[in-house]
Amino acid sequence: MKFTAHNILLNNGQKTMGDDSILLSDSAVWSSIKKTVDLFIPPTAGDRSKMRVVDLGCLEGGYAAEFARMGFDSLGIEARAENIENCNYVKDNLGLSNLNFAQDDVRNMGNYGKFDITLCYGLLYHLNDPAQFLKLISECTTKMLLLNTHFAPERDVRYQLGPLNKYFIAPIQKRTRLFEHQYNYRLSPITENEGYKGRWFKEWTPGTKKEKIEKLLWASYNNHRSFWLTKKELTKAMHAAGFNSVFEQFDYTGDLFRENYTQYYNRTMFVAIKH
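Given the structure is predicted, the values throughout are model-derived calculations rather than measurements. (Residues numbered from 1 in each chain as written. Predicted model: local features only at pLDDT ≥ 70, side-chain atom pairs only at ≥ 80, totals over all residues. Heavy atoms only, no water.)

S.K.: I tried to follow unusual backbone geometry on my own but got confused; where do I start?
M.R.: Glycine aside, the phi torsion of most residues is negative, and most peptide linkages are trans. Residue Arg186 is not a glycine yet carries a positive backbone phi of 55°. Among the structural elements, Arg186 can be located in the loop between helix H5 (163–176) and strand E6 (191–193). In this structure, Asn266 is a non-glycine residue whose phi angle is positive, near 50°. Residue Asn266 is classed as buried on the basis of its relative accessible area of 4%. (Helix = DSSP H or I, 4+ residues; strand = E, 2+ residues; numbered from the N terminus. Buried < 20%, exposed > 50% of the residue type's maximum accessible area, 1.4 Å probe, protein only.)

Structural data, given as C-alpha cells:
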C-alpha cells in the first residue's frame, strides 16, 4: 500500500507518507478550505453532523477525512480500486463513523443524494464535459462548491503551433525550462466545447487497455481527452450552473505548492456559493 499525495496522521501515530512530507491537515491547502468553510458555515451555525460533504475523485481520502474530523457527514467518491483501498485503510484506522467512501464514477454522484458542500479538487480538468459536470454538481449541492482546477490560458502562442510544440518545443522546455514562464501542457488551440471556450488536453491514447488506465492515478478514468475551460469561461459556467456568487481564493500555496504555483501552472481555487 503506497500513498502518493495525502499525508494523513492516523490514530496509531503513523503518517501515510512518513515524516518527509507535510501533513495534509497542516497544509496551506487544507487551511484555506477550512477557513472558507468556517466563514460561510461557522461551527455555531448548527449541528454539522446533519450536514453532508462530498469529495469528488477523493484519491486517498485525506480531505474527506478532514471534513469528517470537522464534524460533517463526509463521503469520498473515487473510481480507482487502488485509491479506494487506501481510503478504506484510512477509514478503518481513524474509526470515524461519519467518514465513508464509495468506489464509483463521480458522474454518478446524484445516486448519493444532496450535499451541503462539494469539494472538487484536481478533477474538473480531467473531464471532457466540464460544463455539464458543473451542472450536475449544482443539482446535488445546496450551499457551496470548492473547486480547485487548472484552466486554459486564453493566449499562448505555443498552443497554436500544433506538432511543432508537441514534439519540439514542449520536450525542450520540459528538460530545460527555457523561456517557460508558464508550464507547457501541449494543449490544443483555442476552440469551443459545450458552448464554452477552452483547450483540449490528451489524457491517454484511445484504445489504451483498462488495466493500464487503472494504474494512471493522475489521469482521467473514462475519457481519453479532457477540456480545460478558460478562467473567464469557468466563472460563466459556474454561474450558469446555478451558483449565485463565485470567488477566487489565493492563500493555498506556500508549502505543498510553491508561491508562483497559480501563475506557472494556470491553476486556481474557486469558491462558488448558493444564497
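S.K.: I would appreciate a short explanation of the side chain of Thr149 in the present structure.
M.R.: Relative to the helices and strands, Thr149 resides in strand E5 (residues 141–150). Thr149 sits in the buried class, given a relative accessible area of 1%.

S.K.: Would you mind going over the sheet that holds strand E9 (residues 245–249) with me for this structure?
M.R.: Strands belonging to one sheet form pairs held by backbone hydrogen bonds; the direction of such a pair is parallel or antiparallel. Here seven strands make up an open sheet; going across it, the order is E3-E2-E1-E4-E5-E10-E9 and the pairing mixed. Each edge of the open sheet carries a strand with a single partner, namely strand E3 (99–103) and E9. The sheet shows a mean angle of 20° between the axes of neighbouring strands, direction not considered. Bridging between strand E1 (residues 52–56) and strand E4 (residues 115–121) involves four bridges; their strand directions are parallel. Bridged to Leu56 within E4 is Cys120. Along the sheet face, helix H1 (residues 28–40) touches E4, E5, E9 and strand E10 (267–273) and points at about 155° away from the line of E5. Sitting on the sheet, helix H7 (residues 231–241) is in contact with E5, E9 and E10, with an inclination near 20° to E10. (Pairing = 2+ DSSP bridges. Axes fitted to C-alpha atoms, helices over the stretch in contact; angles between N-to-C directions. Contact = heavy atoms within 4.5 Å.)

S.K.: What is the right way to look at the environment of Gly195 in this model?
M.R.: For Gly195, the position within the fold is in the loop between E6 and strand E7 (196–202). With 30 residues separating them along the chain, Gly195 and Arg225 place their C-alpha atoms 17 Å apart.

S.K.: For this particular structure, what's the right way to read the packing of H1 against helix H2 (residues 62–69)?
M.R.: Helix-helix packing: each pair is described by the crossing angle between the helix axes and the interaxial distance. Two elements in contact, H1 and H2, have axes separated by 12 Å at closest approach and are oriented at 40°. In terms of their interaxial angle, H1 and H2 are classed as oblique. The way H1 lies across H2 gives a crossing that is right-handed. Together, Val29, Trp30, Ile33 and Val37 of H1 and Tyr63, Glu66 and Phe67 of H2 make up the contact between the two elements. Class assignment for the residues of the contact of H1 with H2 results in six nonpolar, no polar and one charged. (Parallel < 35°, antiparallel > 145°, perpendicular 65-115°, else oblique. Left-handed = near helix turned anticlockwise from the far one by under 90°. Nonpolar A, V, L, I, M, F, W, Y, C, P; charged D, E, K, R; others polar.)

S.K.: How should I be thinking about the sheet that holds strand E8 (residues 225–229) in this particular structure?
M.R.: Taken in spatial order, the three strands line up as E6-E7-E8 in an open sheet, and their pairing is antiparallel. A single partner strand is all that each edge strand has here, and the edge strands are E6 and E8. Each adjacent strand pair in this sheet contributes to an overall mean axis angle of 60°, direction not counted. As paired elements, E6 and E7 share three bridges and run antiparallel to each other. Paired with Glu192 across the strands is Lys197, a residue of E7.

S.K.: What's the story with the pattern of salt bridges in this structure? I'm lost.
M.R.: Oppositely charged side chains are able to pair whenever their charged atoms sit close together. By the definition in use, this model includes 14 salt bridges. Its salt-bridge partner being Lys34, residue Asp38 comes within 2.9 Å of it at the nearest N-O pair. Highlighted residues: Asp38 and Lys34, both in helix H1, separated by four residues, approximately one helical turn. Here the residues in one salt-bridge network are Lys34, Asp38 and Arg48, joined through shared partners. (Salt bridge = Lys/Arg side-chain N within 4 Å of Asp/Glu carboxyl O.)

S.K.: Could you clarify how one ought to interpret helix H4 (residues 130–140) in this entry?
M.R.: The buried fraction of H4 amounts to eight of the eleven residues, a majority that puts the element mostly inside the structure. Among all positions of H4, only Pro130, Ala131, Phe133, Leu134, Leu136, Ile137, Ser138 and Cys140 are buried.

S.K.: Where do I start with the packing of aromatic side chains in this structure?
M.R.: Scanning the model with the defined rule gives 18 aromatic pairs in all. Relative to Tyr63, the ring of Trp30 has its centre 6.3 Å away and its plane inclined at 40°; by these criteria the two rings are tilted. Here Trp30 is found in helix H1, whereas its partner Tyr63 is found in helix H2, with 33 residues between them in sequence. In terms of burial, Trp30 and Tyr63 fall into one category: buried. (Phe/Tyr/Trp six-rings, centres within 6.5 Å; stacked < 30°, edge-to-face > 60°.)

S.K.: Please clarify how the side chain of Asn98 should be interpreted in this entry.
M.R.: In this structure, Asn98 sits in the loop between helix H3 (81–94) and E3. In terms of polar contacts, Asn98 uses its side chain to reach the backbone carbonyl oxygen of Phe72, at 2.8 Å. (Polar contact = N/O pair within 3.5 Å; in protein donor to acceptor, adjacent residues only side chain to side chain.)

S.K.: Can you help me understand a nonpolar patch on the surface in this one?
M.R.: A contiguous nonpolar patch, built from Leu39, Phe40 and Phe247 and spanning about 320 Å² of accessible area, is present on the exposed surface. Tracing the sequence through the fold places Leu39 in helix H1. (Patch = residues over 30% accessible without salt bridge, like charges linked within 9 Å, V, L, I, M, F, W, Y side chains within 5 Å. Areas by Shrake-Rupley, 256 points an atom, 1.4 Å probe, with all protein chains shown as cover.)

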